[in-house]
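Structural overview
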Amino acid sequence: EVQLVESGGGLVQPGGSLRLSCAASGFTFSSFWMHWVRQAPGKGLVWVSRIIGDGTTTDYADSVKGRFTISRDNAKNTLFLQMNSLRPEDTAVYYCARVKHGWYYFDYWGQGTPVTVSS
Amino acid sequence: DIQMTQSPSSLSASVGDRVTITCRASQSISTNLNWYQQKPGKAPKVLIYSASSLESGVPSRFRGSGSGTDFTLTISSLQPEDFATYYCQKTYTPPWTFGQGTKVEIK
């Protein structure tokens, strides 16, 4: 059974850092592109970042470029999102999502981890 | 970047109604368009991928159509479990932008 389990969220002050993790199981992690998507309270879905299977290509939304870094450890079946210089507008639930192999859509999502940026 | 605009932002409908949600891209995206359903407190779930392909296990009352810049999600006969928020998403080249969502509420 495919499972994606996020962790690492919490309360952080503006300017602070957090590292989110997404533990994957039930599939060959290194074969799949992975993404992060966030959702601010009461708002819509916002694409954040993506990384291809071998980790050599990454992309970011303009709103997080230069502050967030996506990475993966294929030996540990884990996806990461390092978030630096956090702002109140980064407050959201962060989801990791798997891209269906050979296609361009998310077929599995984690349950989300909440991040609150506030003093 | 390509912008995705959904309409309406919300609608009220009754069980059994036919519901249509539209999504417009600011430039052509071919058929690189997906539709997701999200219920409160839950992760989204894919309904339609590549504009018109029904994901396995999704009821056939959901139908997607369109190409280029204009896309439509149609629910042929709304069921109680369909009351949710629906999002379109453009893909292929990043950013994989979502529309702002359409909330389908009970009339």
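First, a word on scope: everything that follows refers to the structure included in this document.

**Focus on the interface of chain A and chain B**
Buried accessible area, meaning the area lost when the parts come together, often serves as the stated size of an interface. Contact residues are listed per partner, giving 21 residues for chain A and 20 residues for chain B. Buried surface at the junction of chain A and chain B, both sides included, amounts to about 1,700 Å², of which 67% is carbon and sulfur. In terms of surface lost to chain B, no three residues of chain A exceed Leu45, Tyr104 and Tyr105 of chain A, which account for 39% of the buried area on that side. Linking chain A with chain B are zero salt bridges. Linking chain A to chain B there are seven residue pairs in polar contact (both at pLDDT 80 or more).

**Concerning the pattern of salt bridges**
Counted by the stated rule, this structure contains nine salt bridges over all chains. The closest approach of N and O atoms between Arg38 of chain A and Asp90 of chain A, which form a salt bridge, is 2.9 Å. Of this pair, Arg38 of chain A sits in strand E4 (residues 34-39) while Asp90 of chain A sits in the loop between strand E8 (78-83) and strand E9 (92-99), placing them 52 residues apart in sequence. As far as burial versus exposure is concerned, Arg38 of chain A and Asp90 of chain A are alike and both buried. In this structure, Asp82 of chain B and Arg61 of chain B form a salt bridge, with 2.8 Å as the shortest nitrogen-oxygen distance.

**Let's talk about the sheet that holds strand E1 (residues 4-7) of chain B**
Residues and elements named next belong to chain B. As summarised here, the arrangement of the four strands in space is E1-E3-E8-E7, forming an open sheet in which the pairing is antiparallel. Single-partner strands in this sheet number two, and they are E1 and strand E7 (62-67). Taking the axes of each pair of neighbouring strands and ignoring which way they run, one obtains an average angle of 15° across the sheet. The pairing of E7 with strand E8 (residues 70-75) spans six bridges and is classified as antiparallel.

Conventions adopted
- Residues numbered from 1 in each chain as written.
- Chains lettered and ligands numbered in written order.
- Predicted model: local features only at pLDDT ≥ 70, side-chain atom pairs only at ≥ 80, totals over all residues.
- Heavy atoms only, no water.
- Contact = heavy atoms within 4.5 Å.
- Buried area = accessible area lost by both parts, 1.4 Å probe.
- Salt bridge = Lys/Arg side-chain N within 4 Å of Asp/Glu carboxyl O.
- Polar contact = N/O pair within 3.5 Å; in protein donor to acceptor, adjacent residues only side chain to side chain.
- Helix = DSSP H or I, 4+ residues; strand = E, 2+ residues; numbered from the N terminus.
- Buried < 20%, exposed > 50% of the residue type's maximum accessible area, 1.4 Å probe, protein only.
- Pairing = 2+ DSSP bridges.
- Axes fitted to C-alpha atoms, helices over the stretch in contact; angles between N-to-C directions.

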